[in-house]
Amino acid sequence: MSENQNPQTQTDTATTGTDQPLTTTTGESVEQTRDEWREYEFEGESKMTVENLDVYYGDDHALKDVSMEIPEQSVTALIGPSGCGKSTYLRCLNRMNDRISSARIDGTVRFDGQDIYQDGVNLVELRKRVGMVFQSPNPFPKSIRQNIAYGPEKHGDLDTGLLARLLNRSDEEERDRLVERCLRDAALWDEVNDRLDDNALGLSGGQQQRLCIARCLSVDPEIILMDEPASALDPIATAKIEDLIEDLSEEYTVVIVTHNMQQAARISDQTAVFLTGGELVEYGETDQVFEDPNSERVEDYISGKFG
Amino acid sequence: MIAVPRKEYRESLAALRSEVESMGTAVLDQLSRALDALERDDQKLAREVIDGDERINQRYLDLESDCIDLIALQQPVASDLRFVAASFKILTDLERIGDLATNLARYALAGRSDEIAEVQIQTIGETARGQVRAALDAYVDADSAACRAIAERDDELDASCQNASEAVVRELIAGESDRWEIERLLDDVSRLLLTIRDLERIGDHAVNIAARTLYMDDGDPKLIY
């Protein structure tokens, strides 16, 4: 199939199945459908809009002219072989690449309509609203409680508000309510509520990763970026993280880089495929990408046909 | 692209394709022999067809299990997934065509099918068989154009079956047979109507095979819905 001949996916052809023998359509209408080009348009609002993004590390052109809209309250998976630029792309979304001195970034990244690369953007504020979870769990060597409370305390978010004062709650009570809420949201509360003052490094790998997600939630982000969050975990811990990602997407916008294509297929609403050379080759609804990709190169990559 | 990895997986996919083709050929053979048994009123051949269905059913179960293994162990995606999903469905259609061939053989055992000269069972049978043959070829060659042609030709088969059924009923009404003659004809006529209906169903299964093949070949689900 050439890249310009895109059969329609189920979106506009699905009807209810019946037990009747198959009905047929004229060849003409089938041909017409095959030749229609369907740009990927998702339903709902765009949380982040990336336009013509180029990233260079010195002379290396790591990401080439990437444009992509990320819908809110959904899971967007970024897949592709090592070195294809997917992690570079992810790090552009909260300006983590600014920390690499040789990196140069062209293009625009809009977050709720605002260009995050324009002068004067408060990076602390940006990274609070666009949080990140890394491949290896990296809790602070502090208690479970302090891991969650650290961010809000630094940001000054734990100052007792009017409501708490009216209800006569202390700062400690406010903090503990937040700790409980975040641990519950990260599906960890039931496993750790009797040892909140234990050192976080004593938790299992899967628990540490969920603690890192809880820590990310504590500063009330809108977008959560995840760079292979389950690659160091066993299947059960991975399943818990995957369930969690699905739950989180009801409230947050999740963008996840993963090497595990089945994981991308399982948990994401839309999938972007980057291929070697920093090119975004295909972006669409996950079921379409895995069932009937438009690009032959994507077909070969996800079927494991690349040597 | 250099050497294609996942050798065992590639070999399993290729084996599935040739096994489905081979089962299809066996089903076509059953169908041809059932039609011959009807034409020649050959009771021995009819019994062979009925006995042969067990082998078709066993192959169906084995290949169904192969498809499930492929999905569970290799997790196919994209065109590989469409191929396995289409094959899985096509196997069911082939098995059903095998059952319908057995029905035809049973009708041959029960009596003659040429009581009404206007109804050309062999002609309709050959059309239905031709559709199955074409659908199997389209599957093996992944030929989308052939799939669409099969779907279009089904209307002709449906029309032939409709005409034949009407001819049977007309003959029954118009015939000047007395009451006893009608009683005698009743079994033959019912059987003839069932034969026509089963041939029409064989054609429907051929269209199902074409529809799944079209989906397999270029992701077009149009004929399925």
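Looking at an unreviewed UniProt entry, one finds chain A named Phosphate transport system ATP-binding protein and attributed to Halorubrum trapanicum.

A.B. asks: Just checking my understanding: could you explain the overall build of chain B for this structure?
C.D. replies: In terms of regular secondary structure, chain B is built from 6 helices and 0 strands. Reading the secondary structure of chain B in the N-to-C direction produces α-α-α-α-α-α. Projected onto its principal axes, the C-alpha coordinates of chain B cover approximately 80 × 35 × 20 Å. Per-residue burial for chain B yields a buried fraction of 44% across its 225 residues.

A.B. asks: Sorry if this is basic, but what is going on with the overall build of chain A here?
C.D. replies: Looking only at helices and strands, one finds 12 helices and 10 strands in chain A. Scored against the burial criterion, the 307 residues of chain A give a buried share of 40%.

A.B. asks: For this particular structure, what's the right way to read the confidence of the model for chain A?
C.D. replies: Where the model shows low pLDDT, its predicted coordinates should not be examined in detail. Summary statistics for chain A give a mean pLDDT of 84 and a share of 84% for residues scoring 70 or more. Averaged pLDDT values for the elements of chain A fall to 32 in helix α1 (residues 27-35) of chain A and rise to 98 in strand β8 (residues 253-257) of chain A.

A.B. asks: Would you mind showing me how to read the environment of S136(A) here?
C.D. replies: Along the chain, S136(A) falls in the loop between β6 (130-133) and α4 (144-155). Taking the C-alpha atoms as reference points, S136(A) and R177(A), separated by 41 residues in sequence, lie 27 Å from one another.

A.B. asks: How do you make sense of unusual backbone geometry when you look at a structure like this?
C.D. replies: Keep in mind that most residues, glycine aside, have a negative phi and that most peptide bonds are trans. A positive phi angle is found at D65(A), which is not glycine, with a value near 50°. Residue class for D65(A) comes out partly exposed when judged on the 14 C-beta atoms lying within 10 Å of it. One non-glycine residue, D41(B), lies in the positive phi region at around 55°. Relative to the elements of secondary structure, D41(B) occurs in the loop between α1 (7-40) and α2 (43-74). Overall, the presence of 14 C-beta atoms within 10 Å leaves D41(B) in the partly exposed class.

A.B. asks: Would you mind going over the pairing of β8(A) with me for this structure?
C.D. replies: Residues in a regular strand point their side chains to alternate faces of the sheet. All names here are of chain A. Judged by how many residues are buried, β8 sits mostly within the fold: 5 of 5 residues are covered. Sheet topology places strand β3 (residues 75-79) next to β8; 4 bridges connect them, and they run parallel. Among the inter-strand pairings, A77 is bridged to a residue of β8, identified as I256. For the crossover from strand β7 (residues 223-227) across helix α9 (residues 235-248) to β8, the handedness is right-handed.

A.B. asks: Where do I start with the confidence of the model for chain B in this structure?
C.D. replies: Averaged over every residue, the pLDDT of chain B is 92; the share at 70 or more is 97%. If you check the scores for this complex, the pTM reads 0.79 and the ipTM reads 0.76.

A.B. asks: Is there a simple way to explain the pairing of β3(A) in this structure?
C.D. replies: Residues and elements named next belong to chain A. The buried fraction of β3 amounts to 5 of the 5 residues, a majority that puts the element mostly inside the structure. Because side chains alternate across β3, one face comprises the buried residues V75, A77 and I79, and the other comprises T76 and L78, equally buried. For β3 and strand β9 (residues 270-275), the ladder comprises 4 bridges, and the chain directions are parallel. Counterpart to I79 in the pairing with β9 is V273.

A.B. asks: What am I meant to see in the environment of L225(A) here?
C.D. replies: All names here are of chain A. Its location among the elements puts L225 in strand β7. Judged by the 28 C-beta atoms lying within 10 Å of it, L225 is buried. Residues L225 and E279, spaced 54 residues apart in sequence, show a C-alpha to C-alpha distance of 20 Å. With residues near it in sequence (within four places) discarded, L225 still touches L90, L93, N94, V130, G131, M132 and V255.

A.B. asks: I keep staring at the nonpolar core and nothing clicks. Help me out?
C.D. replies: One recurring pattern in soluble globular proteins: nonpolar side chains tend to sit buried together. One finds L78(A) and A210(B) to be the most contacted residues of the largest nonpolar core, which totals 132 residues. The biggest single contributor to this core is helix α3 (residues 78-110) of chain B, with 15 residues. In this structure L78(A) touches K86(A), Y89(A), L90(A), V255(A), I256(A), V257(A), A272(A) and F274(A), once residues within four positions along its chain are discounted.

A.B. asks: Help me understand the packing of α1(B) against helix α4 (residues 121-141) of chain B, please; the structure alone is not making it clear to me.
C.D. replies: The description of two packed helices rests on the angle between their axes and on the distance between the axes. Residues and elements named next belong to chain B. Packing of α1 against α4 leaves a shortest axis separation of 10 Å and a crossing angle of 175°. On the basis of the axis angle, α1 is roughly antiparallel to α4. Judged by residue contacts, V20, E21, G24, L28, L31, S32, L35, L38 and E39 of α1 engage I121, Q122, G125, R129, V132, R133, L136, Y139 and V140 from α4.

A.B. asks: Is there a simple way to think about helix α8 (residues 205-217) of chain A in this case?
C.D. replies: Residues and elements named next belong to chain A. Between its first and last C-alpha atoms α8 spans 18 Å; for 13 residues at 1.5 Å apiece the expected length is 18 Å, and the two agree. All of the buried residues along α8 are G206, Q207, Q208, Q209, R210, L211, C212, I213, A214, R215, C216 and L217. Taken together, the buried residues of α8 touch β6, α4, α6 (171-185), α7 (189-192), β7 and α9.

A.B. asks: Looking at this structure, how should I read the environment of H259(A)?
C.D. replies: Residue and element names in this part refer to chain A. Along the chain, H259 falls in the loop between β8 and α10 (261-267). In this structure, the C-alpha to C-alpha distance between H259 and S82, residues 177 residues apart in sequence, is 8.3 Å. Those residues in contact with H259 that sit more than four places away from it in its chain are E228 and S231.

About the cut-offs
- Residues numbered from 1 in each chain as written.
- Chains lettered and ligands numbered in written order.
- Predicted model: local features only at pLDDT ≥ 70, side-chain atom pairs only at ≥ 80, totals over all residues.
- Helix = DSSP H or I, 4+ residues; strand = E, 2+ residues; numbered from the N terminus.
- Buried ≥ 20, exposed ≤ 12 C-beta atoms within 10 Å, placed from the backbone.
- pLDDT = per-residue confidence, 0-100.
- Pairing = 2+ DSSP bridges.
- Right-handed = clockwise from strand over helix to strand, strands pointing away.
- Contact = placed C-beta atoms within 7 Å.
- Core = buried A, V, L, I, M, F, W, Y, C linked by C-beta atoms within 7 Å.
- Axes fitted to C-alpha atoms, helices over the stretch in contact; angles between N-to-C directions.
- Parallel < 35°, antiparallel > 145°, perpendicular 65-115°, else oblique.
- Expected span 1.5 Å × (residues − 1).

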